[in-house]
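Below, each chain spelled out in residue letters.
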Amino acid sequence: MFWKSLLRKKPLEALIHNKSNSIHLKKTLGAMDLIFLGVGAIVGTGIFILPGTIAALYSGPAIVLSFVIAAVVCALAALCYSEFASSVPVAGSAYTYGYVIFGEFIAWLLGWALLLEYGLAVASVASGWSSYFKTLLSGFNLHIPDAISGAFNPAAGTYVNIPAIAIVAIIAYLLTRGIRESTRVNAFMVILKISVILLFILVGVFYVKPDNWEPFMPFGFSGVLNGAALVFFAYLGFDAVSSAAEEVKNPQKNMPIGIIGSLLVCTVLYIAVSIVLTGIVSYQDLNVADPVAFALQVINQNWIAGIVSLGAVVGMITVILVMLYGGTRLIYAMGRDGLLPKSMAEIDAKTNTPIKSTWTYAIVIMFFAGFVPLNRLAELVNMGTLFAFMMVSIGIIFLRRNKSIATGGFKTPLYPVLPIVSFLMCLFLITRLSVETWIACGVWFLLGLVLYFTFGRRNSTLNK
């Protein structure tokens, strides 16, 4: 009975026609809303910070190849996500897919991994946003004291990062007002930051020096692969789009468009920015906190550098919004299934949003954003994401074999080769992460196991 309880599956009909709540998430989103959500989540630190540091330390000008490799892995996983989102249009992303296909225990591990991904991604982006915001204010001779604008580090004179806490709180409040209002704000900010990125590309291309691309692969192909494992962080967010499945009109059609469309737009932007950035400035000089603005300052385009800094501030806000949204919907799904307290699944009658789960998750994230220096954050986030991608990819094979699930929506092409290749590529990228990352994630999953066996397994709705 013990082992059977770990493998018990959630019937899809029970998820779609859930009777435990009298109020359900409202279907208000279309394909363009999903693309804007995806671009809002993906384009942030990955385009404003990562290209410089990874080019300088790992890939050199061949960071373009790192982005391409990471994009291929994500594209394969995105195709698998699209089929799941089309067949299982319920909140919870990979967690819900795992519950239907693999059973409760694997679903819990997937949900726990995604909570790590979304939470630490929001915390890290909030910290980066704080730095950019502080720099932007200094341009107007407004200064935030160091003591209240950095993680707890008395030796450096910093104790709490108030701006990081504040931006998470503001976004959490926006999410509690309703998903329709949140997507409108997100769409406006996405248009603004894409305009800023295109401005950088159009101005910078006239200052490109081909000599800066030599040597093209200074750290060898191994450096390119290591870079790919790290720039993978830049693509995080498209999986958060799948968390919106329960609030999407015609999910069988719109979910694949949103997931694949947002990934395609972001890949083109990443590659273009990387080519121009390493063409303007030697890769050796790009290990700075704001490489895009730095490159513009090198070519004496300071006014455009200021606009780019503003775009970075706006761009990071959309990442915080979408990733926090994905995390709250995941907690909502886990609470609805009884694996977390039932209060996490309560929906406000006025706004049709899970207010308690939103604020619970936001408060935990605010603590990390405000007090914890997250030095290895990108790698920690990547570990949780790659694990989820692996399980979703291989899960397609089990999905096709499950005759109780309708199969009229999107289909992953080249089945079963493509899902297997996706699984293996994600596994390979995981092996490129550091030992410290493996240890830290091991501790996280150990905590998750304790919580599942002491609370989740006993209170699961499937016990009834």
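- An unreviewed UniProt entry annotates the protein as Amino acid permease of Listeria newyorkensis.
- Checking UniProt for the protein, the heading Subcellular location (unreviewed entry) contains the comment "Membrane".

## Re the overall build of the protein
1) Next: Helices and strands together make up the secondary structure of the protein, namely 19 helices and 0 strands.
2) Next: Here the protein has a C-alpha radius of gyration of 21 Å; the compact-globule value for 464 residues is 23 Å, and the two agree.
3) Next: Counting only C-alpha atoms and orienting by the principal axes, one finds that the protein spans roughly 65 × 50 × 40 Å.
4) Next: Put simply, the protein has 464 residues, and 60% of those count as buried.
5) Next: Excluding contacts between residues fewer than 6 apart, the proportion of contacts in the protein whose partners are at least 24 apart in sequence is 83%.

## Digging into the packing of aromatic side chains
1) Next: With the rule as written, the count across this model stands at 19 aromatic pairs.
2) Next: These aromatic residues form a ring-pair network of at least three members: Phe 105, Trp 108, Trp 112, Trp 444, Tyr 452 and Phe 453.
3) Next: Positioned over the ring face of Tyr 415 is Arg 400, at 4.2 Å from the centre of the ring.

## Concerning helix α7 (residues 94-101)
1) Next: Within α7, 8 of the 8 residues are buried, which leaves it mostly tucked inside the rest of the structure.
2) Next: Within α7 the residues assigned to the buried category are Ala 94, Tyr 95, Thr 96, Tyr 97, Gly 98, Tyr 99, Val 100 and Ile 101.
3) Next: At the exit of α7 stands Gly 103, carrying a positive phi of roughly 115°.

## Thoughts on the side chain of Asp 33
1) Next: Secondary-structure assignment places Asp 33 in helix α3 (residues 31-42).
2) Next: By relative accessible area, which is 19% here, Asp 33 ends up buried.
3) Next: Within the structure, the side chain of Asp 33 is placed 2.9 Å from the backbone nitrogen of Gly 30, a separation counted as a polar contact.
4) Next: With near-sequence residues (within four places) excluded, Asp 33 lies in contact with Thr 28 and Arg 180.

## Some details on the state of the cysteines
1) Next: Throughout the structure, instances matching the rule amount to 0 disulfides.
2) Next: In this model Cys 441 remains outside any disulfide bridge; the closest cysteine sulfur is found in Cys 426, 15 Å from its own.
3) Next: Cys 441 gets classed as buried once you look at its relative accessible area, which sits at 3%.

## Structural notes on unusual backbone geometry
1) Next: Residue Pro 215 is bonded to the preceding Glu 214 through a cis peptide linkage, with omega at -10°.
2) Next: Within the element layout of this structure, Pro 215 appears in the loop between α10 (179-204) and α11 (220-231).
3) Next: With omega at 0°, the peptide bond leading from Tyr 415 into Pro 416 counts as cis.
4) Next: Examined against the element boundaries, Pro 416 turns out to sit in the loop between α17 (377-401) and α18 (417-431).
5) Next: Even without glycine at this site, Leu 414 takes up a positive phi of about 55°.
6) Next: Locating Leu 414 in the fold gives a position in the loop between α17 and α18.
7) Next: Judged by relative accessible area, which is 65%, Leu 414 ranks as exposed.

## Considering a nonpolar patch on the surface
1) Next: Taken together, the side chains of Phe 152, Tyr 159, Val 364, Phe 367, Phe 368 and Phe 371 present a nonpolar region at the surface, about 560 Å² in accessible area.
2) Next: Its location among the elements puts Phe 371 in helix α16 (residues 355-371).
3) Next: Exposure remark for Phe 371: the relative accessible area of 34% places this residue in the partly exposed category.

## Describing the nonpolar core
1) Next: Grouped together as the largest cluster of nonpolar side chains are 152 residues, with contacts concentrated most on Tyr 81, Phe 200, Phe 232 and Phe 238.
2) Next: Non-local contacts of Phe 232, meaning those with residues more than four positions away in its chain, are made with Ala 70, Val 73, Cys 74, Asn 382, Thr 385, Leu 386, Phe 389 and Leu 429.

## As for the pattern of salt bridges
1) Next: Taken as a whole and assessed by the stated rule, the structure comprises 4 salt bridges.
2) Next: A salt bridge links Arg 8 to Glu 104; the shortest N-O distance between them is 3.0 Å. One end of the pair, Arg 8, is in the loop between α1 (2-6) and α2 (12-16); the other, Glu 104, is in helix α8 (residues 104-138), and 96 residues separate them in sequence.
3) Next: With its nearest N and O atoms 2.4 Å apart, the salt bridge here joins Asp 146 to Lys 134.

## Thoughts on the confidence of the model for the protein
1) Next: Across the protein, the average pLDDT comes to 84, with 92% of residues at or above 70.
2) Next: Element-level pLDDT for the protein is lowest in α2, with a mean of 64, against a maximum mean of 93 in helix α9 (residues 162-176).
3) Next: Below pLDDT 50 for its whole length, residues 19-23 participates in 7 contacts with residues either more than four positions away or in separate chains.

About the cut-offs
- Residues numbered from 1 in each chain as written.
- Predicted model: local features only at pLDDT ≥ 70, side-chain atom pairs only at ≥ 80, totals over all residues.
- Heavy atoms only, no water.
- UniProt positions renumbered as here; feature names shortened; annotations may be inferred.
- Helix = DSSP H or I, 4+ residues; strand = E, 2+ residues; numbered from the N terminus.
- Rg over C-alpha atoms; globule rule 2.2 N^0.38 Å.
- Buried < 20%, exposed > 50% of the residue type's maximum accessible area, 1.4 Å probe, protein only.
- Contact = heavy atoms within 4.5 Å.
- Phe/Tyr/Trp six-rings, centres within 6.5 Å; stacked < 30°, edge-to-face > 60°.
- Lys NZ or Arg CZ within 6 Å of the ring centre and 35° of its normal.
- Polar contact = N/O pair within 3.5 Å; in protein donor to acceptor, adjacent residues only side chain to side chain.
- Disulfide = S-S within 2.5 Å.
- Patch = residues over 30% accessible without salt bridge, like charges linked within 9 Å, V, L, I, M, F, W, Y side chains within 5 Å.
- Areas by Shrake-Rupley, 256 points an atom, 1.4 Å probe, with all protein chains shown as cover.
- Salt bridge = Lys/Arg side-chain N within 4 Å of Asp/Glu carboxyl O.
- Core = buried A, V, L, I, M, F, W, Y, C linked by side-chain atoms within 4.5 Å.
- pLDDT = per-residue confidence, 0-100.

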